[in-house]
Amino acid sequence: MKIIPKKYSNLIYILLMGFGMSLFMTLIITYINTGIDINYPKRFLKAWTVGLPIAIATSLIVGPIVKRFVDKYTK
């Protein structure tokens, strides 16, 4: 069962990639910079609230440019 029209597949892909990448990068970078203790979840969530919108906006801007570049130089 398809719920979302195919024309939105690239947008959904970009949003999910930005979400996933920002999640894992923030988890790891917060751990590397501050370690894990009782306040780790709070620090992570604070960093992710900043990182997620930046990752989504960057993905929306850079994603189509990279796709055109790759399409141009691949068969």
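Computed from a prediction, not measured in an experiment: that's the story for all the values here.

## A short note on the side chain of Ser22
Item 1. One can find Ser22 in helix α1 (residues 9-34).
Item 2. Here Ser22 falls in the buried class, since its relative accessible area comes to 5%.
Item 3. Within the structure, Ser22 has its side chain in polar contact with the backbone oxygen of Phe19 (distance 3.0 Å).
Item 4. Residues in contact with Ser22, not counting those within four places in the same chain, are Trp48, Gly51, Leu52 and Ala55.

## Remarks on the packing of aromatic side chains
By convention here, two paired aromatic rings are described through the distance between centres and the angle between planes.
Item 1. Across all of its chains, the model carries three aromatic pairs by this definition.
Item 2. Both rings, one in Phe44 and one in Trp48, keep their centres 5.6 Å apart while their planes meet at 20°; by these two values the pair is stacked. A residue pair is termed a helical-turn pair when its members lie 3 or 4 positions apart in one helix, as Phe44 and Trp48 do in helix α2 (residues 40-73) at four residues.

## Observations regarding the environment of Ile14
Item 1. Tracing the backbone shows Ile14 in helix α1.
Item 2. Sequence separation of Ile14 and Ile61 is 47 residues, and the distance between their C-alpha atoms is 9.8 Å.
Item 3. In this structure Ile14 touches Ser59, Leu60, Gly63 and Pro64, once residues within four positions along its chain are discounted.

The rules behind these values
Residues numbered from 1 in each chain as written. Predicted model: local features only at pLDDT ≥ 70, side-chain atom pairs only at ≥ 80, totals over all residues. Heavy atoms only, no water. Helix = DSSP H or I, 4+ residues; strand = E, 2+ residues; numbered from the N terminus. Buried < 20%, exposed > 50% of the residue type's maximum accessible area, 1.4 Å probe, protein only. Polar contact = N/O pair within 3.5 Å; in protein donor to acceptor, adjacent residues only side chain to side chain. Contact = heavy atoms within 4.5 Å. Phe/Tyr/Trp six-rings, centres within 6.5 Å; stacked < 30°, edge-to-face > 60°.

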